[in-house]
Amino acid sequence: MRSCVIALCLCMSLSAFSQVKIVVLGSSTAEGFGATPWPTQDSAWVNLLRLSFNKNPADGLDTNVINLAKGGYTTYHIMPDGNSVANRPAPDPDRNVTKALSLNPDVVIISMPSNDISNGFNKTEIMNNFRSLNQLITGQGINTFITTKQPRDFMPNTTMMQYQKDL
């Protein structure tokens, strides 16, 4: 949550001076699964973010929020083109970091709550994927924020709950 607040503050300060483009990579919560009314996803956090930036359409400073998130996605789905790993999901060229960067964003928000954990990926590979994504994006001078909307309730599996907390 703290990362999301920081991301929003940065985005708001950027948007005070010019149009800003934000690209969101993520899974179901970023896509809007569970938001109401479904399937319009009006209350999905990405749409609420878009609306909060565009409250004054007359000022010409609207922030363009592009949502590439897809339910069920893992960090492997959003890795760059050509970054396939055996026995792991292939990157999706329509919804991955390569696509995000092709849109020339000012900010990329990565929201991947727990699908990697749910799929049994180990902590090292998950964190390595986040590090690689962060390095790729920031290496191009683009602000990036890696965050999560909410933790998944893996109960009664306390091991999985702890695993999620550790990450």
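The structure under discussion appears in the preceding block.
Residues numbered from 1 in each chain as written. Predicted model: local features only at pLDDT ≥ 70, side-chain atom pairs only at ≥ 80, totals over all residues. Heavy atoms only, no water.

Comments concerning the overall build of the chain
Going by this rule: Numbering of helices and strands runs from the N terminus, with a helix taken as a DSSP run of H or I at least four residues long and a strand as a DSSP run of E at least two residues long. Only protein chains enter the accessibility calculation, which uses a 1.4 Å probe; a residue whose area is less than 20% of its type maximum is buried, one above 50% is exposed, and one in between is partly exposed. Residues count as neighbours in contact if any of their non-hydrogen atoms are within 4.5 Å of one another. For accessible areas, the Shrake-Rupley method is used with a probe of radius 1.4 Å. Any residue's cover is judged against the shown protein chains and nothing else.
In terms of regular secondary structure, the chain is built from seven helices and four strands. Across the 167 residues that make up the chain, the buried fraction comes to 40%. Of the contacts made within the chain by residues no fewer than 6 positions apart, 71% connect residues no fewer than 24 positions apart. Accessible area for the chain stands at about 8800 Å²; split by element, carbon and sulfur atoms hold 54% of it.

Re the side chain of D92
As a reminder of what qualifies: We count Lys and Arg on the positive side and Asp and Glu on the negative side, and we leave His and both chain ends out. Salt bridge, as used here: a side-chain nitrogen of Lys or Arg that lies within 4 Å of a carboxyl oxygen of Asp or Glu.
Tracing the backbone through its elements, the reader meets D92 in the loop between β2 (63–67) and α4 (97–102). Of the side chains with opposite charge, R95 comes closest to the buried, unpaired D92, at an N-O distance of 4.3 Å. The residues touching D92, leaving out its near neighbours within four places in the chain, are Y73 and H77.

Some thoughts on the pattern of salt bridges
Pairs can form between side chains of opposite charge whenever their charged atoms are close. Counted by the stated rule, this structure contains one salt bridge. Between E125 and R88 there is a salt bridge, and its shortest N-O distance comes to 2.9 Å. With a gap of 37 residues between them, E125 in helix α6 (residues 123–138) and R88 in the loop between β2 and α4 connect regions that are remote in the sequence. By relative accessible area, which is 28% here, R88 ends up partly exposed.

Things to note about the side chain of H77
Note that H77 resides in the loop between β2 and α4. Of the residues examined, H77 reaches a relative accessible area of 15% and is grouped as buried. Here H77 is in contact with G72, P89, A90, P91, D92 and N96, once residues within four sequence places are set aside.

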